[in-house]
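Spelled out, the chains give:
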Amino acid sequence: ARLGLFYDLYVPDVNITNYPVPDIFYPKNVKSTEIQDPQSGLLMKTLIPLLKSNEKGDIMVFITSGSAANKLKKAIDMMVEKNPSQYPLLPWVSIFESKTDDEVKKFIMGESGYNYRDLVGKKYNRRVILSTPVAEFGGTVQNDIDGVPLKWVIDTGLRHAVSYDATKFATVRGDEFIAKSSIQQRCGRVGRVAPGVCIRMYSEDQYKNKFIEQTINEIDESDITSDFLGIMSLPNIHNFSKTLYSF
């Protein structure tokens, strides 16, 4: 991809899985507003059967923000506390975002010497990782001390976007569907150390026909008016302009 006139952007290799990772798409098209609600959203309806299953395997859920993760964690914890017998593998629900403490990240990633099963009375036996997009390019989630791997990624396909709308002359924000390149990174969290599954909260038709290929460059979504005016006020700007347009 091109940035301005001079810079090539690095696009990472996303084909890094070592084991099969089949995709499960939602059977019909969905709206972004139908997915993340912690009470009635499609995400929770998909997550509950996995939590109630006795099939071993950890779960990573990609959602939009730390705030959304906190709401979902609260809903899961309350649900499990209310009916613990329905959850044979008691989940340790954690949040992986930029503000997550480094020690907690080590438990999440399963680093050597950091066993989440030893936390709070040694009662947990399934990791449920609620992750913001920060984990798209994160390290490999290792098997836990009993050899149980990360088995499921649930991808909402969403991000919380902040961009400049030139037609409104204003910065706008809200949840929107991400690019295919980001989805490949998310689903690539499984299949590294064991087979896994990527469960997608959108239809195959949406993925093929509605999702853009690559993430839009941040500069293309930003208000650069003040930067541009700053450049235009520089001494000898006319000489710079001649050099710029010579490329």
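Residues numbered from 1 in each chain as written. Predicted model: local features only at pLDDT ≥ 70, side-chain atom pairs only at ≥ 80, totals over all residues. Heavy atoms only, no water.

Draft legend 1. Focus on the pairing of strand 4 (residues 58-62). Most of strand 4 sits out of view: five of its five residues are buried. Of the two faces of strand 4, both are covered, the one formed by Asp 58, Met 60 and Phe 62 as well as the one formed by Ile 59 and Val 61. In terms of strand pairing, strand 4 meets strand 7 (residues 150-155) through five bridges, oriented parallel. Its bridge partner lying in strand 7, Asp 58 is registered against Leu 150. Pairing of strand 4 with strand 6 (residues 126-131) involves four bridges; the strand directions are parallel. If you follow Met 60 over to strand 6, its bridge partner there is Ile 129. (Buried < 20%, exposed > 50% of the residue type's maximum accessible area, 1.4 Å probe, protein only. Helix = DSSP H or I, 4+ residues; strand = E, 2+ residues; numbered from the N terminus. Pairing = 2+ DSSP bridges.)

Draft legend 2. Geometry of helix 2 (residues 66-82). For helix 2, spanning 17 residues, the distance from its first C-alpha to its last is 24 Å, which sits close to the expected 24 Å at 1.5 Å a residue. Of the residues making up helix 2, those classed as buried are Gly 66, Ala 68, Ala 69, Leu 72, Ala 75, Ile 76, Met 79 and Val 80. (Expected span 1.5 Å × (residues − 1).)

Draft legend 3. Focus on the pairing of strand 6. Most of strand 6 sits inside the fold, with six of its six residues counted as buried. Neither face of strand 6 is exposed, since Arg 126, Val 128 and Leu 130 on one face and Arg 127, Ile 129 and Ser 131 on the opposite face are all buried. As judged from the six bridges shared by strand 5 (residues 91-96) and strand 6, these two strands associate in the parallel manner. From the neighbouring strand, Phe 96 faces strand 6, where its bridge partner is Ser 131. Once you follow strand 5 into helix 3 (residues 102-109) and on to strand 6, the crossover reads as right-handed. (Right-handed = clockwise from strand over helix to strand, strands pointing away.)

Draft legend 4. Just the sheet that holds strand 7, in detail. Strand order in the open sheet formed by six strands is 3-10-7-4-6-5, and the pairing between neighbours is parallel. The strands lining the two open edges of the sheet, one partner per strand, are strand 3 (23-25) and strand 5. Going across the sheet, the axis of each strand differs from the next one's by a mean of 20°, ignoring polarity. Seen against the sheet, helix 2 touches strand 5 and strand 6 and runs at an angle of roughly 175° to strand 5. Across the sheet, helix 4 (residues 180-187) lies against strand 3, strand 4, strand 7 and strand 10 (197-200), angled at about 155° from strand 7, the strand it touches most. (Axes fitted to C-alpha atoms, helices over the stretch in contact; angles between N-to-C directions. Contact = heavy atoms within 4.5 Å.)

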